[in-house]
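# Structure assessment
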Amino acid sequence: MVVMQSLLSCPRWLTIRMARILSHYPRNLCLSSVRNKVFEISDSDTFMDRVMNSEIPVLVNFHAEWCEPCQILTPLLRKLLSESPDVHLAVIDVEDCPELVHTFEVKAVPAVVAVQNGQVADKFVGLVDAAMVEALINKLTLAHKSSQKSQNEHNQLESKHQNPQ
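Residue positions are given per chain, counting from 1 as you read along its sequence in written order. This being a predicted model, a pLDDT of at least 70 is required before a residue's local features are given, and a value of 80 or more before pairs of side-chain atoms are given or counted; all residues contribute to the totals for chains, interfaces and linings. Side-chain metrics rest on all non-hydrogen atoms present in the structure, leaving aside hydrogens and water.

- As annotated in an unreviewed UniProt entry, the protein chain is Thioredoxin domain-containing protein from Ladona fulva.
- UniProt positions are given in the numbering used here, feature names are shortened, and annotations may be inferred rather than shown by experiment. In the Sequence similarities (unreviewed entry) part of its UniProt record, the protein chain is described as follows: "Belongs to the thioredoxin family."

Below is the structure:
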């Protein structure tokens, strides 16, 4: 708002230049990193990029706007995952992505699928309590940290074999 008021009082050439410069920056600069870890999926390509190819575990929340249990579970997932930096949340509206619904055999909503290293690690259907969601998040977090540790150890051994001293 302040930027816009400043631009209005500037000469036209400067206003145009500043608008061009500002257009290169994302509009959500001041948003927290939590927002980046919760994202909407609207097609299969985005799903492949953000979920299946992710190095970080992702909870995939299949939901519908008309579904009352979904309206309870989705905010709960967002809240619990905001406290966990090691797991992301992908939200999929079942009416927008029927091919993903078919692929994951979603028969009822809400349905949550845990994806880790491109594979389904766990899933549940229906409204569950916070303790069950927290247990799933902890399971994914521990597995992710263990996987990272193994990868680091493997990389160290590989570098020792490549560079013997």
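## Describing the sheet that holds strand β5 (residues 119-125)
- Two strands are said to pair when DSSP picks up at least two bridges between them. Each helix is a run of DSSP H or I of at least 4 residues and each strand a run of E of at least 2, with the numbering of both proceeding from the N terminus. If you walk across this open sheet you meet the five strands as β1-β3-β2-β4-β5, and the pairing is mixed. Taken across any chain shown, the strands that pair with only one partner, and hence form the sheet edges, are β1 (38-41) and β5. On average, each strand axis in the sheet is inclined to that of its neighbour by 25°, with strand direction left out of account.
- Pairing of strand β2 (residues 58-63) with strand β4 (residues 111-116) involves five bridges; the strand directions are antiparallel. Note that in β4 the partner of F62 across the bridge is A111.
- Lying over the sheet, helix α4 (residues 44-52) contacts β1, β2, β3 (88-93) and β4, oriented at roughly 155° with respect to β1.
- In what follows, a contact means two residues having at least one pair of non-hydrogen atoms within 4.5 Å. Axis lines are fitted to C-alpha atoms, over the contacting stretch for helices. Their N-to-C directions set the angle, which ranges from 0 to 180 degrees. Across the face of the sheet, helix α5 (residues 68-82) comes into contact with β1, β2, β3, β4 and β5 while running at roughly 165° to β2.

## What to know about the nonpolar core
- Note on terminology: a nonpolar core comprises buried Ala, Val, Leu, Ile, Met, Phe, Trp, Tyr and Cys residues joined through side-chain atoms within 4.5 Å. The buried label goes to any residue with under 20% of its type's maximum accessible area, the exposed label to any with over 50%, and the partly exposed label to all in between, with areas taken from a 1.4 Å probe on protein chains only. Residues I41, F47, V51, V60, F62, I92 and L100 are the most contacted members of the largest nonpolar core, which totals 22 residues.
- At the level of secondary structure, the elements contributing two or more residues to this core comprise β1, α4, β2, β3, α6 (98-103) and β4.
- By size, the runner-up hydrophobic cluster in this structure holds 17 residues, among which are L80, F124, V128 and L140.

## Some details on the packing of aromatic side chains
- Put simply, two rings from Phe, Tyr or Trp (the six-membered ring, in Trp's case) pair if the centres are within 6.5 Å, and we call them stacked under 30 degrees between planes, edge-to-face over 60, tilted for the rest. Counting across every chain of the model gives two aromatic pairs.
- Summarising the aromatic geometry, the rings of F62 and F104 are spaced 5.9 Å apart at their centres and angled 45° between planes, so their arrangement reads as tilted. Within this pair, whereas F62 is found in strand β2, its partner F104 is found in the loop between α6 and β4, the two being separated by 42 residues in sequence. Across the pair, exposure class does not vary: F62 and F104 are buried alike.
- Every member of this aromatic cluster is reached through a ring pair, and the members are F47, F62 and F104.
- Lying over the aromatic face of F39, R50 brings its terminal NZ or CZ to 3.8 Å of the ring centre. Criterion for a charge above a ring: Arg CZ or Lys NZ at most 6 Å from the ring centre, at most 35 degrees from the ring normal.

## Some remarks on the state of the cysteines
- Note on terminology: disulfide denotes any pair of cysteine sulfur atoms within 2.5 Å. The full count for this structure, using the stated rule, is one disulfide.
- What pairs with C67 in a disulfide is C70, and their sulfur atoms sit 2.5 Å apart. Here the S-S torsion is close to 80°, and the disulfide linking C67 with C70 is therefore right-handed.

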